[in-house]
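A structural walkthrough
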Amino acid sequence: MAEKEKNSNGVKGMTVIVKTISSWVKVLIFLFGIYIILFGHLTPGGGFAGGVIVAGSYVLLMLAFGREFVEENLSLPVASRLDCLGAFLFALIAILGLALGGSFFVNFLYQKYLPGEALNLISAGTIPLSNIAIGLKVAASLFLVIFTLSICCKDFKPGTPVNGKE
Amino acid sequence: MAIFYTLLLFMIIAAIIAVETKNLLSAVICVGAIGFGGSLMFLFLRAPDIAITQIVVEVLGLIILIRATISRDLTFITGDREFFGTVVSVVIIFVIFLAGVKILETKPVEEIQEIRKSQPQFVTLPDFGTAIFDVAPEAASQTYISQGLEKTGAANLVASVILDFRAYDTLGEATVLFTAIIGATVILRRKSRKLLEDAD
């Protein structure tokens, strides 16, 4: 009875109202983050801000539903592999610039293969691809940090000692 | 100009409260208020990319801070201040204040361009909010503004600078972020695994 009235918002999740609303809102936040990443070469934003927004949607899920629910959805090894995949894609675009274009990190798609028209979605060469790689990397990294930080804090009843720390 | 001084006063008051209070939750909320004031200031200085990034990182950083401190039931800070630390910080603040008073004598852009014709280095800074390369028309940024759309095809000039003209710096920044996250995750995973084993 004491645990039910305590309404802890640690690793166990929150009340029914918060769970219902956040399960609708998290999809909108995720979609908005993807929009900011993809349109980074046309409107303000870019890979870094969009990646943080996508990580924010997973943080909302973790705060509202508890840590174990998110761990089934996107576990720790999968997130770290996505992080490494994003960094590898970014380096791959740079090396492809050297192989296909002549200098390291040149915009080889815009100058040789696929110019596109300005102000369209498919334009500016490798800039949208770099945005996607950076967005993936930043989202997975920030999700990893907040997830491992939330393991470290346990549900606390004040007055009980915790493993020798104060 | 009045909006900048109001936001500056707001951020200074929030910083003083964040340092002086003994309740950790108030300190964390004041740190969030500083970040919010900074984001508003970037918006009024017409830099929307930085404003978006600042507000989102500040919100997420606030959640990280609360997770790392409040949930562990450390809600009060106790302890005295050292004398030597106080003296050193007062001296540093005084030196920066002297430099700030020197910077505050700003001149409009036309006067600075006249001064630059006779002597090529700066004598003082332009007014707050001027693009600093307005006073130096031979700088590289004028090339970015005038030829950025033709050379890269991107409508957002900030994205064309950080991902095409200066992409090497972005590679360095992505490497720094990657290394920091790997280091933090390795240390935190070992500690949390030990905590979970002790609890079972």
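Let us look at the structure shown here. (Residues numbered from 1 in each chain as written. Chains lettered and ligands numbered in written order. Predicted model: local features only at pLDDT ≥ 70, side-chain atom pairs only at ≥ 80, totals over all residues.)

**A closer look at the overall build of chain A**
Assigned secondary structure in chain A consists of seven helices and zero strands. Reading chain A from its N terminus to its C terminus gives the helix and strand order α-α-α-α-α-α-α. The 166 residues of chain A split such that 39% are buried. For chain A, the share of sequence-separated contacts (at least 6 apart) that also reach a separation of at least 24 residues comes to 66%. (Helix = DSSP H or I, 4+ residues; strand = E, 2+ residues; numbered from the N terminus. Buried ≥ 20, exposed ≤ 12 C-beta atoms within 10 Å, placed from the backbone. Contact = placed C-beta atoms within 7 Å.)

**Quick notes on the nonpolar core**
Where a protein is soluble and globular, its nonpolar side chains tend to be buried together. Among the nonpolar cores identified, the biggest contains 36 residues, and Val52, Ala55, Ala139 and Phe143 of chain A are the most heavily contacted of them. Breaking this core down by element, the ones donating at least two residues are helix H2 (16-38), helix H3 (47-65), helix H5 (76-100) and helix H7 (127-152) of chain A together with helix H3 (48-69) and helix H8 (167-199) of chain B. If sequence neighbours within four positions are ignored, Phe143 of chain A has contacts with Ala55, Tyr58 and Ala79 of chain A. In terms of nonpolar packing, the next biggest core, distinct from the first, is built from 13 residues, Leu109 and Ile127 of chain A together with Ala154 and Ala159 of chain B among them. (Core = buried A, V, L, I, M, F, W, Y, C linked by C-beta atoms within 7 Å.)

**Section: the packing of helix H6 (residues 140-152) of chain B against helix H7 (residues 157-165) of chain B**
Residue and element names in this part refer to chain B. Between H6 and H7, the shortest axis-to-axis distance is 10 Å and the interhelical angle comes to 70°. Taken together, the axes of H6 and H7 lie roughly perpendicular to each other. Contacts between H6 and H7 involve Tyr144, Ile145, Gly148 and Thr152 from the first element and Leu157, Ser160, Val161, Asp164 and Phe165 from the second. Class assignment of the residues belonging to the contact of H6 with H7 gives a composition of five nonpolar, three polar and one charged. (Axes fitted to C-alpha atoms, helices over the stretch in contact; angles between N-to-C directions. Parallel < 35°, antiparallel > 145°, perpendicular 65-115°, else oblique. Nonpolar A, V, L, I, M, F, W, Y, C, P; charged D, E, K, R; others polar.)

**Description of the packing of H2 of chain A against H3 of chain A**
All names here are of chain A. The N-to-C vectors of H2 and H3 enclose an angle of 170°; their axes lie 8 Å apart at closest approach. Accordingly, the angle class assigned to the pair H2 and H3 is roughly antiparallel. In this structure, H2 meets H3 at a crossing whose hand is left-handed. Residues Val18, Lys19, Ser22, Lys26, Ile29, Phe30, Phe32, Gly33, Ile34, Ile36 and Ile37 of H2 form the contact with H3, whose participating residues are Gly47, Ala49, Gly50, Gly51, Ile53, Val54, Gly56, Ser57, Leu60, Leu61, Ala64 and Phe65. Considering only residue class, the contact of H2 with H3 consists of 14 nonpolar, seven polar and two charged. (Left-handed = near helix turned anticlockwise from the far one by under 90°.)

**A few points about the environment of Lys26 of chain A**
Residues and elements named next belong to chain A. Tracing the chain through its elements places Lys26 in helix H2. The partly exposed category is assigned to Lys26, around which 18 C-beta atoms lie within 10 Å. In the structure, Lys26 is positioned 116 residues away from Leu142 in sequence and 16 Å away in space, judged by C-alpha atoms. Apart from the residues within four sequence positions on either side, Lys26 is in contact with Ser57, Leu60 and Leu61.

Worth remembering: the numbers are spatial, not functional.
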